[in-house]
Amino acid sequence: MNEPVDDLLLQCSSARNAGADFPTVWNEVLKGHRLVAGPPLSRMCDGEAVLEVPLLTGQRIVYSAKGYSL
């Protein structure tokens, strides 16, 4: 992974650990970030609803009940 994406993922996880829900993380961390390519997309993954935020690197930050991941 590259460092800027790792840093963004860490910011999301830290905000969640501090009690922020996804809308707060979207508005305060992700929405204006230079790596974010567009709005979150929802989909089902193994029977669970997840949100995916596309990045300019081609990766996606995925939010699920388990937290944030790439």
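Quick caveat: nothing in here was measured; it's all calculated off a predicted structure. (Residues numbered from 1 in each chain as written. Predicted model: local features only at pLDDT ≥ 70, side-chain atom pairs only at ≥ 80, totals over all residues. Heavy atoms only, no water.)

Strand order in the open sheet formed by 4 strands is β1-β2-β3-β4, with antiparallel pairing between adjacent strands. Every other strand in the sheet has two partners, leaving β1 (41–45) and β4 (67–69) as the edge strands with one partner each. Strand-to-strand, the axes of this sheet are offset by a mean angle of 30°, without reference to chain direction. Running over the sheet, helix α1 (residues 3–17) touches β3 (60–64) and β4 and is turned about 175° from β4. The strands that helix α2 (residues 22–30) touches are β2 (48–54), β3 and β4; relative to β2, the one it contacts most, it runs at about 5°. (Pairing = 2+ DSSP bridges. Helix = DSSP H or I, 4+ residues; strand = E, 2+ residues; numbered from the N terminus. Axes fitted to C-alpha atoms, helices over the stretch in contact; angles between N-to-C directions. Contact = heavy atoms within 4.5 Å.)

In this structure the tally under the stated criterion is 2 salt bridges. Ionic pairing is found between arginine 43 and glutamate 52, a salt bridge with its closest N-O pair at 2.3 Å. For arginine 43, a relative accessible area of 36% gives the class partly exposed. For glutamate 52, a relative accessible area of 10% corresponds to the buried category. The network of salt bridges with shared partners includes Arg43, Glu52 and Arg60. (Salt bridge = Lys/Arg side-chain N within 4 Å of Asp/Glu carboxyl O. Buried < 20%, exposed > 50% of the residue type's maximum accessible area, 1.4 Å probe, protein only.)

This part is about the side chain of glutamate 52. Following the sequence through the fold, glutamate 52 ends up in strand β2. In this structure the side chain of glutamate 52 is engaged in a polar contact, spanning 2.3 Å, whose partner is the side chain of arginine 43. The contact partners of glutamate 52, leaving out residues within four places of it in the chain, are Pro39, Pro40, Leu41, Arg43, Arg60, Ile61 and Val62. (Polar contact = N/O pair within 3.5 Å; in protein donor to acceptor, adjacent residues only side chain to side chain.)

Turning our attention to the pairing of β1. Both faces of the sheet carry side chains from a regular strand, because those side chains alternate between them. Both β1 and β2 contribute to a ladder of 5 bridges, which runs antiparallel. Residue methionine 44 lies in a different strand from β2, and its bridge partner there is alanine 49. Counting the residues that bridge the hairpin from β1 to β2 gives 2 residues, and of these aspartate 46 lies at a positive phi of roughly 55°.

Following the criterion strictly, the structure yields 3 aromatic pairs and no others. On the basis of an interplanar angle of 35° and a centroid distance of 5.3 Å, the ring pair of phenylalanine 22 and tyrosine 63 is categorised as tilted. You can see phenylalanine 22 sitting in helix α2 and its partner tyrosine 63 sitting in strand β3, a full 41 residues away along the chain. The class for tyrosine 63 is partly exposed, based on a relative accessible area of 22%. Their ring planes at 45° and their centres at 4.8 Å tell us that tyrosine 63 and tyrosine 68 sit as a pair that is tilted. Every member of this aromatic cluster is reached through a ring pair, and the members are Phe22, Tyr63 and Tyr68. (Phe/Tyr/Trp six-rings, centres within 6.5 Å; stacked < 30°, edge-to-face > 60°.)

Limitation: the analysis is restricted to geometry and does not speak to function.
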